[in-house]
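# Coordinate analysis (summary)
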Amino acid sequence: MPHLDDISGWVSEKLPALLAEHKVPGAAVAVYANGEVFDFASGVLSHATGVEATADSVFQIGSITKTWTATLVMQLADEGLLDLDATVVTYLPDFDLADSEAARTMTVRQLLCHKAGFEGDIFTDTGNNDDCVRKYVETLRTDPQLFPPGEMFSYNNAGYCVLGRIIEVLRGKPWDQALRDHLFAPLGLTHAATDANSAILFRAAVGHLPNPDADGLPVPAPMWSLVKSNGPAGAMLAMRPRDLVAFARMHLSGGRAEDGTKVLSESSVTAMREQQVTLPPLGLMGTHWGLGWELFDWPGGLVFGHDGGTVGQSAFLRIVPGRDVAIALLTNGGNPIAVYFEIFRHLLKELADIDLPATPVPPETPSRFDATKYVGTYANSMGKTEISQDVDGRVWMTDTPLGELAELIGEVEKTELVHLENDTLIPATPKYGIYLPQVFIGDDGSGRSLYIHSGRATRRAG
């Protein structure tokens with residue numbers, strides 16, 4: 001295995017060039033290997049201020065937060081305060097959804113591995129007080145059920161807010177305070193923040209959004225974060241990458257912090273990365289999901305981790321069990337996916353002999369096909385996807401953002417789809433350099449697909 005000095009030289013030279021090439025304002029990297037940590041940062045935290053990014057700068061980690069929320073849940077299980085296979089209403093008796101029967105039967109485990117089945121992209125703002133998660137969960141009473149609990153995988157932000165509320169009830173304190181008391185403190189974290197008020201105490205990155213002007217440089221986002229009610233799902237948590245890999249190191253060390261403090265039982269550490277559900281072939285996402293962790297069955301061995309995206313910030317974490325390796329990349333705009341591929345492809349191979357697999361691409365000469373089975377409208381509260389086929393036989397996907405997403409993005413996107421395999425279509429042109437498959441699942445009773453799946457299952461609406 002290369003020494004971290006060799007790795008540090010490569011990262012220090014490569015990262016600035018990658019940021020310039022892909023118009024990423026700033027980024028920070030941390031690499032943990034065999035008890036040692038290297039970290040490095042480049043670029044700026046905001047194009048508005050020009051403040052330099054440093055290794056101690058805090059970036060939002062987005063949905064990587066879900067692995068922290070899952071760890072808090074597993075601590076409760078270790079203490080005998082929670083049973084993963086108990087129903088949610090065991091701990092939240094008033095919990096309800098539009099489908100009350102589903103709400104009564106779904107389990108904590110199903111929330112952890114995204115099999116609960118209700119619509120998950122709900123970003124209702126319920127204020128910034130300590131009761132915001134409680135109030136948010138109460139708003140889910142009208143949230144529709146997409147499929148019966150346990151039937152399949154569909155990424156669910158709202159489900160992790162419900163888990164956050166369970167933590168609050170069983171701990172008798174707000175989710176963010178439980179995070180500080182039960183993870184920040186025993187891990188000895190020094191540069192981590194649960195909201196803007198605490199992030200401002202550090203050098204804090206600002207997200208950047210695409211710029212329609214000719215120079216193409218992204219511009220600072222009009223807000224720092226998503227709403228606090230979605231904190232347990234990843235709306236606000238920010239930290240430096242060194243503190244993120246300290247969390248990863250604990251998961252590699254049988255649940256113990258660097259100083260030997262027991263944070264989580266070894267059995268819970270193992271359980272979190274056991275396969276709970278197999279994902280459709282989604283390209284960039286993992287092959288399976290565990291209890292909080294995204295699982296990647298890659299050439300060379302199993303990798304676990306998670307990605308995160310907030311308002312113009314993107315984060316990537318990969319952990320290799322058995323090789324004692326963890327890599328974190330935190331960014332604040334531009335095309336972070338391209339930077340991820342370059343950095344992780346090299347480091348995973350050098351440090352763990354893991355080959356980052358190629359993502360799907362469309363066939364060189366796509367053939368015409370009958371898309372009747374797929375044509376129609378699929379919708380949820382955040383957006384509408386329309387699949388159509390023109391007179392020339394070409395298939396189109398038109399995405400229209402709705403609700404809060406429309407206010408932030410506001411653009412309708414029309415993309416040509418071609419056939420990849422089975423019931424999977426793929427864009428003819430890439431976005432951020434990658435092609436994201438669209439998998440059509442189920443039967444609406446008339447031979448047409450019931451869902452379009454791109455990580456989230458969106459149900460047919462017409």
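Use the structure listed above.
About the criteria used
- Residues numbered from 1 in each chain as written.
- Predicted model: local features only at pLDDT ≥ 70, side-chain atom pairs only at ≥ 80, totals over all residues.
- Heavy atoms only, no water.
- Helix = DSSP H or I, 4+ residues; strand = E, 2+ residues; numbered from the N terminus.
- Contact = heavy atoms within 4.5 Å.
- Pairing = 2+ DSSP bridges.
- Expected span 1.5 Å × (residues − 1).
- Bend = angle between axes of the 7 residues up to and from the residue.
- Buried < 20%, exposed > 50% of the residue type's maximum accessible area, 1.4 Å probe, protein only.
- Phe/Tyr/Trp six-rings, centres within 6.5 Å; stacked < 30°, edge-to-face > 60°.
- Lys NZ or Arg CZ within 6 Å of the ring centre and 35° of its normal.
- Axes fitted to C-alpha atoms, helices over the stretch in contact; angles between N-to-C directions.
- Patch = residues over 30% accessible without salt bridge, like charges linked within 9 Å, V, L, I, M, F, W, Y side chains within 5 Å.
- Areas by Shrake-Rupley, 256 points an atom, 1.4 Å probe, with all protein chains shown as cover.
- Salt bridge = Lys/Arg side-chain N within 4 Å of Asp/Glu carboxyl O.
- Lys, Arg positive; Asp, Glu negative; His and termini not counted.
- Charge placed at Lys NZ, Arg CZ, Asp CG, Glu CD.
- Parallel < 35°, antiparallel > 145°, perpendicular 65-115°, else oblique.
- Nonpolar A, V, L, I, M, F, W, Y, C, P; charged D, E, K, R; others polar.
- Left-handed = near helix turned anticlockwise from the far one by under 90°.
- 1 Å grid on protein atoms, 1.4 Å probe; cavity = no way out; pocket = protein on both sides within 12 Å on 5 of 7 lines; lining within 4 Å.
- Points joined across faces, edges and corners; volume = space filled by probe spheres on them.

### Quick notes on the side chain of serine 42
Summarising the element assignment, serine 42 is placed in strand S2 (residues 36-43). In this structure, serine 42 is in contact with Leu15, Pro16, Leu19, Pro25, Gly26, Ala27 and Ala53, ignoring residues within four places of it in sequence.

### Let's talk about the sheet that holds strand S4 (residues 192-193)
Spatial strand order, S3-S7-S4: three strands in an open sheet with antiparallel pairing. The open sheet has two edge strands with one neighbour each: strand S3 (59-60) and S4.

### Focus: helix H1 (residues 4-21)
A rise of 1.5 Å per residue sets the reference length of H1, with its 18 residues, at 26 Å; its end C-alpha atoms lie 25 Å apart and thus fit the reference within 8%. Approximately 25 degrees is the largest bend angle found in H1, and it occurs at lysine 14, with the proline proline 16 only one to four residues beyond. Along H1, the positions that sit buried rather than exposed are Leu4, Ile7, Ser8, Val11, Leu15, Leu18 and Leu19. Residues of H1 that are buried make contact with strand S1 (26-33), S2 and helix H12 (336-352). Of the residues trailing H1, lysine 23 is marked for its positive phi of about 55 degrees.

### Some points on the packing of aromatic side chains
A full pass over the atoms with the stated rule returns 14 aromatic pairs. The interplanar angle of 35 degrees and the centroid separation of 6.0 Å between the aromatic rings of phenylalanine 247 and tryptophan 293 together place this pair among those described as tilted. With phenylalanine 247 in helix H10 (residues 241-252) and tryptophan 293 in the loop between strand S9 (288-289) and strand S10 (294-298), this pair connects stretches of sequence that are 46 residues apart. Assigned by exposure class, phenylalanine 247 and tryptophan 293 land together as buried. For the pair tyrosine 340 and phenylalanine 344, a centre-to-centre distance of 4.8 Å together with 40 degrees between the ring planes defines the contact as tilted. You can see tyrosine 340 and its partner phenylalanine 344 sitting in helix H12, four residues apart, about one turn around the helix. An aromatic cluster of at least three residues, connected via ring pairs, comprises Trp68, Phe184, Phe247, Trp293 and Phe304. Directly above the aromatic system of tryptophan 396 lies the positively charged group of lysine 414, at a separation of 5.2 Å from the ring centroid.

### So, the sheet that holds S2
Backbone hydrogen bonds are what pair the strands of a sheet, in a parallel or an antiparallel way. Pairing in this open sheet of eight strands is antiparallel, and the strands run S2-S1-S13-S12-S11-S10-S9-S8 from one edge to the other. Two strands lie at the open edges of the sheet, namely S2 and strand S8 (277-278), each paired on one side alone. Sheet topology places strand S11 (residues 301-309) next to strand S12 (residues 314-320); six bridges connect them, and they run antiparallel. Directly across from glycine 309, in S12, lies its bridge partner serine 314. Contacting S1, S2, S11, S12 and strand S13 (325-331), H10 crosses the sheet at an angle of about 150 degrees to S13.

### Points about a negative patch on the surface
A surface patch of like charges, here negative, comprises Asp5, Asp6, Glu36 and Glu350. Structurally, the position occupied by glutamate 36 is in strand S2. Given the relative accessible area of 40%, glutamate 36 is considered partly exposed.

### Description of the packing of helix H7 (residues 157-171) against helix H8 (residues 175-187)
Running from N to C, H7 and H8 point in directions that differ by 70 degrees, and their axes come no closer than 9 Å. Between H7 and H8, the angle is such that the two are roughly perpendicular. In contact with Gly164, Ile167, Glu168 and Arg171 of H7, H8 contributes Trp175, Ala178 and His182. Taken together, the residues of the contact of H7 with H8 break down into three nonpolar, two polar and two charged.

### Observations concerning the packing of helix H2 (residues 65-78) against H7
Running from N to C, H2 and H7 cross one another at 40 degrees; their axes reach a closest spacing of 10 Å. Our pair here, H2 against H7, has a crossing hand that is left-handed. From H2, Lys66, Thr69, Ala70, Leu72, Val73, Gln75 and Leu76 reach across to H7, where they touch Asn157, Tyr160, Leu163, Gly164, Ile167, Leu170 and Arg171. Tallied by class, the residues present in the contact of H2 with H7 amount to eight nonpolar, four polar and two charged.

### Considering the side chain of lysine 66
By the element assignment, lysine 66 lies in helix H2. Nearest to the buried, unbridged lysine 66 among oppositely charged side chains is aspartate 121, at 7.4 Å. Those residues in contact with lysine 66 that lie beyond four places of it in its chain are His114, Tyr155, Asn156, Asn157, Tyr160, Pro232, Ala233 and His306.

### Points about empty space enclosed by the protein
Inspection of every chain in the model, using the stated rule, returns three cavities of 30 Å³ or more. Looking at the largest cavity, it is lined by 13 residues, and the ones nearest its centre are Cys132, Val133, Trp175, Asp176 and Lys228. Put simply, the parts of the chain that give the lining of the largest cavity at least two residues each are helix H6 (132-139) and H8. Among the residues forming the lining of the largest cavity, the class breakdown is six nonpolar, three polar and four charged. Of the pockets and cavities examined, the second largest cavity occupies roughly 70 Å³. Contributing to the lining of the second largest cavity are Phe118, Glu119, Gly120, Asp121, Leu146, Ser154, Tyr155, Asn156, Asn380, Arg456 and Ala457.

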